[in-house]
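Chain residues, written in single-letter form:
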Amino acid sequence: MTVNFQHLRAFHAIASDGGVSRAARRLNVSQPTLSQQLKALEARHGVALFESRKAPLTLTSSGRELFALTQRLFATISDVDHMLGEPKGAPAGMLRLGSDNPYYAAKTVELLRRRHPAVDVQVRMGNAREVMRWLADAHIDAALASDPPADGNFSYEPLISDALACALPTDHPLVTRDRIEVAALADETLLVREPGSKTRAFAERALAEAGITPRATIELHSRETIREGIALGMGIGLFFSTECPPDPRIAYRPLDTGERSYLLRGYLVCQTERRRATMMYALRAVAAEIRDRGQAAIAAPV
């Protein structure tokens, strides 16, 4: 009896993700469709693969044996794709992209649409932790994330390397300097993002390792609110260089951290098993172009 490949794919996705809804989002199919494919697989071969249909799903002994086989099967398929070369044809349809960096989200979409106008894109913005959670839960197809945690289920394509910059009102006394030493922040009010933000984490680490405590700290959550606060003279802020769009009210200067380096590295991340898909190949090509051009987008001093 020939095994239906789509049914095997449905089982493998459900077993990998631990549930039908998450697997359906990742495969971009409806939950009823995926459930029907699993039911058809079990009925055709007279075997129960899960103990029940209630989450969290638990594999039966037959399910565990089959899952071990499908893991090898889909790994081999990925190897075959790699041996035969990259996928052919132009991508089309919807790409759901998550990002923690507005500049690179916009740049990625602009290059992707220029190359492949048949692709529609939805962009969802959040911090790095949120973006990676959306990817794991299959709410998005790919992520642009800063220093994401290593996970064997994901494929990582290097995108950027970025350094901290200091944002000040244009009439601030420190504007006369070419670089702002981290020690100078001890006399300043620092406007910061929300807990969980990579920018805030790097800034706090740079200050702590230099033994510097700002005069005061105000949490304003978003980049946009912080920039408005800086323009109003409420304090200064620390951003990565790609978070520094031109603003006549704000001056940007590199942050001098001495011998210590605080580089943020960004990646394009997708599910490993989707890495060879036509859409992901097109997205990876865009990421490679951005990386190779070295578009750091560091704002010029004002």
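Residues numbered from 1 in each chain as written. Predicted model: local features only at pLDDT ≥ 70, side-chain atom pairs only at ≥ 80, totals over all residues. Heavy atoms only, no water.

### So, the sheet that holds strand S1 (residues 93-99)
Two strands in a sheet stick together by hydrogen bonds in their backbones, pointing the same way (parallel) or opposite ways (antiparallel). Strand order in the open sheet made by the 5 strands is S2-S1-S3-S11-S4, with mixed pairing throughout. Looking at which strands have only one partner, the edges of the open sheet turn out to be strand S2 (119-125) and strand S4 (154-162). The sheet shows a mean angle of 20 degrees between the axes of neighbouring strands, taken without regard to direction. In terms of strand pairing, S4 meets strand S11 (residues 264-271) through 8 bridges, oriented antiparallel. Each bridged residue has a counterpart across the sheet, and for Pro158 the counterpart in S11 is Tyr267. Packing of helix H5 (residues 102-115) onto the sheet brings it into contact with S1, S2, strand S3 (142-146) and S4, and relative to S2 it is tilted by some 175 degrees. The sheet strands contacting helix H6 (residues 128-136) are S1, S2, S3, S4 and S11, and the helix crosses S3 at an angle near 155 degrees. (Pairing = 2+ DSSP bridges. Helix = DSSP H or I, 4+ residues; strand = E, 2+ residues; numbered from the N terminus. Axes fitted to C-alpha atoms, helices over the stretch in contact; angles between N-to-C directions. Contact = heavy atoms within 4.5 Å.)

### Some words on the confidence of the model for the protein chain
Per-residue pLDDT for the protein chain averages 86, and the proportion of residues at 70 or more is 92%. Contacts of residues 295-302 to residues separated by more than four positions or lying in other chains number 21 contacts, the stretch itself having pLDDT below 50. (pLDDT = per-residue confidence, 0-100.)

### What about the pairing of strand S10 (residues 250-256)?
On any regular strand, side chains alternate: one points to one face of the sheet, the next to the other face. For S10, the tally of buried residues reaches 5 of 7 residues, placing the bulk of the element in the interior. Two elements, strand S5 (residues 164-169) and S10, share 5 bridges in a ladder whose sense is antiparallel. Within S10, the position partnered with Cys166 by the bridge is Arg253. The pairing of strand S6 (residues 180-181) with S10 spans 2 bridges and is classified as parallel. Across the sheet, Ile180 pairs through a bridge with Leu255, a residue of S10. (Buried < 20%, exposed > 50% of the residue type's maximum accessible area, 1.4 Å probe, protein only.)

### Some remarks on the side chain of Glu42
Along the polypeptide, Glu42 turns up in helix H3 (residues 31-45). The class of Glu42 is buried, set by a relative accessible area of 12%. In terms of polar contacts, Glu42 uses its side chain to reach the backbone amide nitrogen of Leu49, at 2.8 Å. (Polar contact = N/O pair within 3.5 Å; in protein donor to acceptor, adjacent residues only side chain to side chain.)

### Brief notes about helix H9 (residues 278-293)
An ideal rise of 1.5 Å per residue puts 22 Å on 16 residues; H9 measures up with 23 Å between its terminal C-alpha atoms. Within H9 the residues assigned to the buried category are Met279, Met280, Ala282, Leu283, Arg284, Val286, Ala287, Ala288, Glu289 and Ile290. The inward-facing, buried residues of H9 contact S1, H5, S2, S3, S4 and S11. (Expected span 1.5 Å × (residues − 1).)

### Notes on the state of the cysteines
A covalent bond between the sulfur atoms of two cysteines is referred to as a disulfide. In total, this model carries 0 disulfides according to the counting rule given. For the unlinked cysteine Cys166, the closest cysteine sulfur is that of Cys244, found at 9.3 Å. On the accessibility criterion, Cys166 (0% relative accessible area) is buried. Among the residues examined, Cys244 registers a relative accessible area of 5% and is labelled buried. (Disulfide = S-S within 2.5 Å.)

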